[in-house]
Amino acid sequence: MRITVTVDGIEYADDVEPRQLLVHYLRDKLGKVGTVVGCDTSNCGSCTVHLDGHSVKSCSVLAVQAHGSEVTTIEGLARDGKLHPVQQAFHDNHALQCGFCTPGMIMQSIDLLADNPDPDEAAVRHGLEGNLCRCTGYQNIVKAVRDAAHQMRPGAGPEVERVSEPHVSRTKSQVSGGER
């Protein structure tokens, strides 16, 4: 099936298998390897991306379901060499150890803050329930999300992710280096 999807501000048009998962499309076709394959069962949340401004586990979404949509990955958050406020807060608060869950945690945290710009500790923990971390004990993750909440203006989530440059259309052959 032919799909057109905007990923991190760039429009892609590709042929995909009808049962191909969005996570595999992002990683294998587009090279967005920051979107981690964790469990393939939608339990861990490591593959969390934003689909039209809301977090989804990309291992539970088919690539064809993203047709006509905007997808934001962890690679699409930084602007002009500056980390997104949530990325910066994770760095500043040492909210990672092995880093495997970090991309999904950050993406889910941005969505959480878009819905609740000033969450208390319990709200952060509840908002991140679908994302698992096996290393940190969550303390610094909660600190980072609350720190980011104070650094961001209310409701900034999805608008902060918007790419200010015009969309550039690219086909799979252009992404892989060849023109047809």
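Anything mentioned here points back to the structure above.
S.K.: Sorry if this is basic, but what is going on with the overall build of the protein here?
M.R.: When helices and strands are counted, the protein shows 7 helices and 6 strands. Across the protein, helices and strands are ordered from the amino to the carboxyl terminus as β-β-α-β-β-β-α-α-α-α-α-β-α. Put simply, the protein has 180 residues, and 44% of those count as buried. Taking contacts inside the protein between residues at least 6 apart in sequence as the whole, the part at least 24 apart equals 61%. In the structure as shown, the protein presents an accessible area of about 9100 Å², 48% of it carried by carbon and sulfur atoms.

S.K.: I'm lost on the packing of helix 3 (residues 102-115) against helix 5 (residues 139-151) in this one. Help?
M.R.: Relative to each other, helix 3 and helix 5 sit at 45°, their axes nearing to 11 Å. Relative to helix 5, helix 3 is oriented oblique. The element helix 3 and its partner helix 5 pack so that their crossing is right-handed. In this structure, helix 3 contributes Met105, Ser109, Leu112 and Leu113 to the contact, and helix 5 contributes Ile141, Val145, Ala148 and Ala149. Class assignment for the residues of the contact of helix 3 with helix 5 results in 7 nonpolar, 1 polar and no charged.

S.K.: Teacher, can you tell me more about the pairing of strand 2 (residues 10-15) here?
M.R.: Across a regular strand the side chains alternate sides, sitting on one face of the sheet and then on the other. Note: strand 1 (residues 2-7) against strand 2, 6 bridges, orientation antiparallel. Across the sheet, valine 5 pairs through a bridge with tyrosine 12, a residue of strand 2. Linking two consecutive strands that pair antiparallel, namely strand 1 and strand 2, is a turn of 2 residues; a positive phi of about 50° is found at aspartate 8 within it.

S.K.: Would you take a moment to explain helix 3 for this structure?
M.R.: Owing to its 3.6 residues per turn, the α-helix aligns residues three or four sequence positions apart on the same side. The end-to-end C-alpha separation of helix 3 is 20 Å, in line with the 20 Å expected for 14 residues at 1.5 Å each. Among the 14 residues in helix 3, 12 count as buried, and that is most of the element. For helix 3, every residue scored as buried is listed here: Thr102, Pro103, Gly104, Met105, Ile106, Met107, Gln108, Ser109, Ile110, Asp111, Leu112 and Leu113.

S.K.: Would you explain the environment of leucine 96 in this entry?
M.R.: Residue position: leucine 96 is located in the loop between helix 2 (85-92) and helix 3. Taking the relative accessible area as the measure of exposure, leucine 96 reaches 40% and is therefore partly exposed. Along the chain, leucine 96 and cysteine 133 lie 37 residues apart, while their C-alpha atoms are 8.9 Å from each other. Ignoring any residue separated from it by four or fewer positions in sequence, one finds leucine 96 in contact with Thr102 and Thr136.

S.K.: Please explain the nonpolar core as it appears in this structure.
M.R.: Inside soluble globular proteins, nonpolar side chains tend to come together where they are buried. In this structure, Val86, Phe90, Met105, Ile106, Leu113, Ile141 and Val145 are the most contacted members of the largest nonpolar core, which totals 23 residues. Those elements that provide at least two residues to this core are helix 2, helix 3 and helix 5. Not counting the four nearest positions on each side in its chain, valine 86 is found in contact with Ile106, Ser109, Ile110, Leu113, Ala148 and Met152. Tyr12, Leu22, Leu26 and Ala63 belong to the second-largest nonpolar core, a separate cluster that totals 15 residues.

The rules behind these values
Residues numbered from 1 in each chain as written. Predicted model: local features only at pLDDT ≥ 70, side-chain atom pairs only at ≥ 80, totals over all residues. Heavy atoms only, no water. Helix = DSSP H or I, 4+ residues; strand = E, 2+ residues; numbered from the N terminus. Buried < 20%, exposed > 50% of the residue type's maximum accessible area, 1.4 Å probe, protein only. Contact = heavy atoms within 4.5 Å. Areas by Shrake-Rupley, 256 points an atom, 1.4 Å probe, with all protein chains shown as cover. Axes fitted to C-alpha atoms, helices over the stretch in contact; angles between N-to-C directions. Parallel < 35°, antiparallel > 145°, perpendicular 65-115°, else oblique. Left-handed = near helix turned anticlockwise from the far one by under 90°. Nonpolar A, V, L, I, M, F, W, Y, C, P; charged D, E, K, R; others polar. Pairing = 2+ DSSP bridges. Expected span 1.5 Å × (residues − 1). Core = buried A, V, L, I, M, F, W, Y, C linked by side-chain atoms within 4.5 Å.

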